[in-house]
Amino acid sequence: MRRTRPAAALLAAFLAALALPTAARAEIVRVGYWSSGVSLGFGAVLETGKYMEKEGLTVEYVKFPDVNAPTKAMAAGAIDFAIGASAGTAFSVIADGLPLSIVLASQVADLDFVVLEDSPIRTMADLRTKKIGTSPAGSATAVITAAILETNYGIKAGDYQGVPGNDPRLAQFLAQKDIDAAALRTVTIALLPDMKLRKLGSFREEWRKITKSDAPPVLGVGLMRNAWMKENPDGPAKVVAAMRKAYEFGRSDKDAVARALREAANLNETDARPTRRSGTASTPCGWSRPTSPPSARPSRSTRASAP
């Protein structure tokens, strides 16, 4: 009897020890995104709806003020998943051998080339020698803009001046006539009814001329660290499932998306509300007015999954 009791106690302790890692082994994922554009919309919906948590993940959200910062953070191992990393930059760093993988396309290029209504510029070919506003260098938008201008109109990089900025800043530049034209997201254009813009062309139309295909160009991708995928073999499927559910929710309940954006970016109801024109993978999207330069440090918010 004296031997039996210690053996039983040892067995119970061993079983309890086995149970502990299961609770502690909750898959933790650090999700990073740009605090503007479509990334902001997806991030806001994911956070408020707790879609990652509902898939059994423990989540830390990291917001960045620069469009290329999430990809840089991925390369440094600071985050595990970027919601809308620039497609061009993602392909470039993977080609350079960084241990990252593209797991889904999260944003298509739903942009128009626009000018002010009274602009003398009438066609895309007239953009030669002009100042054109687009996303910062290294972004997929800038790369696709350059490809469209050179391939379809013979306008090389040295034939025009690219002016970088996010959508609200570019709209401001255009209104002040600091630039001649801009590549703006259709949702941004819809939020500027008083600005009197004229469309020269769209990314979709121009991309179709290049590829002879109806598939739109991809701007943003879901980028994931290979090490995290190896450590959490079930994690990637959970992340993708959460993204898909957030997207479907955004398609079906645009009022809820608007509320999430109002909370995430301090937008008024009109600016936060998604439009019917964004019925693509970029449905949960947002737009923010020009503000003073944000802090260079990313902001963090941690959400833990239920036990």
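Here's what I pulled together on the structure shown here.

Conventions we followed
Think of each chain on its own: its residues are numbered from 1, step by step along the sequence as written. Where local features are concerned, this predicted model is filtered to residues with pLDDT of at least 70; where side-chain atom pairs are given and counted, the filter is 80 or more; whole-chain, interface and lining totals use all residues. Note: side-chain values were computed over all heavy atoms of the structure, leaving out hydrogens and water. Two strands make a pair as long as DSSP finds a minimum of two bridges between them. Only runs of H or I of at least four residues qualify as helices and only runs of E of at least two qualify as strands under DSSP, and these elements are numbered from the N terminus. Every axis corresponds to a line fitted to the C-alpha atoms, with the helix fit spanning only the stretch in contact, and the corresponding angles, defined between N-to-C directions, vary from 0 to 180 degrees. Contact definition: two residues touch when any of their heavy atoms are within 4.5 Å. Within this scheme, the nonpolar core is defined by two criteria: the residues are buried Ala, Val, Leu, Ile, Met, Phe, Trp, Tyr or Cys, and they are joined through side-chain atoms within 4.5 Å. Only protein chains enter the area calculation, which uses a 1.4 Å probe; residues under 20% of their type maximum are buried, those over 50% are exposed, and those in between are partly exposed. Any two of the Phe, Tyr and Trp rings considered here, Trp counted by its six-membered ring, make a pair once their centres fall within 6.5 Å; the pair's planes then place it as stacked at under 30 degrees, edge-to-face at over 60, or tilted in between. Should a side-chain nitrogen of Lys or Arg be within 4 Å of a carboxyl oxygen of Asp or Glu, the pair is scored as a salt bridge. Expected helix span is taken as 1.5 Å per residue step, with the number of steps being one fewer than the number of residues. Note: the arc covers the axis-to-C-beta directions of the helix.

Some points on the sheet that holds strand β5 (residues 111–116)
Working step 1: One open sheet accounts for five strands, arranged β7-β6-β8-β5-β9; its pairing is mixed. Since the sheet does not close on itself, it has two edges, and those belong to β7 (161–164) and β9 (197–202), each with one partner. Along the sheet, successive strands turn relative to each other by an average axial angle of 30°, direction set aside.
Working step 2: As paired elements, β5 and strand β8 (residues 181–185) share four bridges and run antiparallel to each other. Residue pairing in the sheet places Asp112 in a bridge with Leu184 of β8.
Working step 3: Sitting on the sheet, helix α9 (residues 203–211) is in contact with β5, β8 and β9, with an inclination near 25° to β9.

Notes on the nonpolar core
Working step 1: Counting 33 residues, the largest nonpolar core has Leu127 and Phe203 as its most contacted members.
Working step 2: Among the elements that make up this core, the one with the highest residue count is helix α6 (residues 140–153) (four residues).
Working step 3: The residues contacting Leu127, other than those within four sequence positions of it, are Ile121, Ile132, Leu149, Ile155, Tyr160, Ala181 and Leu200.
Working step 4: Listed in part, the 28 residues of the second largest apolar core include Val31, Leu40, Val45 and Tyr51.

Some words on the packing of aromatic side chains
Here a ring pair, both rings aromatic, is described through the centre-centre distance and the interplanar angle of the planes.
Working step 1: Under the defined criterion, the tally for this structure stands at three aromatic pairs.
Working step 2: Seen in terms of ring centroids, Tyr33 and Tyr61 are 6.4 Å apart; in terms of plane orientation they differ by 75°. Their pairing is edge-to-face. With Tyr33 in strand β1 (residues 28–34) and Tyr61 in strand β2 (residues 58–64), this pair connects stretches of sequence that are 28 residues apart.
Working step 3: Accessibility expressed as a relative area gives 1% for Tyr33, which makes it buried.

Some remarks on the pattern of salt bridges
Working step 1: Under the counting rule described, the total for this entry stands at 13 salt bridges.
Working step 2: A salt bridge links Asp80 to Arg30, with the shortest nitrogen-to-oxygen separation between them at 2.9 Å. Note that Asp80 is positioned in the loop between α4 (69–75) and β3 (81–86) and Arg30 in strand β1, a separation of 50 residues in sequence.
Working step 3: On the basis of relative accessibility, which here comes to 2%, the residue Asp80 falls in the buried class.
Working step 4: Of the charged contacts in the structure, one is a salt bridge between Lys63 and Glu47, with a shortest N-O distance of 3.1 Å.

Some remarks on helix α11 (residues 235–252)
Working step 1: Here α11 contains 18 residues, and its C-alpha end-to-end distance of 26 Å stays within 8% of the 26 Å for a straight helix at 1.5 Å per residue.
Working step 2: Residues of α11 that are buried: Gly235, Pro236, Val239, Ala242, Met243, Ala246, Tyr247 and Gly250. Angular distribution of buried residues about the axis of α11 spans 130°; they occupy a single face of the element. Facing away from the buried side of α11 by more than 90 degrees, the exposed set consists of Ala237, Arg244 and Ser252.

Observations concerning unusual backbone geometry
Working step 1: Phi is positive for Lys177, which is not a glycine, with a value near 60°.
Working step 2: Here Lys177 shows up in the loop between α7 (167–175) and β8.
Working step 3: By relative accessible area, Lys177 is classed as exposed at 56%.
Working step 4: Non-glycine residue Lys212 carries a positive phi angle of around 60°.
Working step 5: Position of Lys212 relative to the elements: it lies in the loop between α9 and β10 (218–225).
Working step 6: The exposure class of Lys212 is exposed, given its relative accessible area of 71%.

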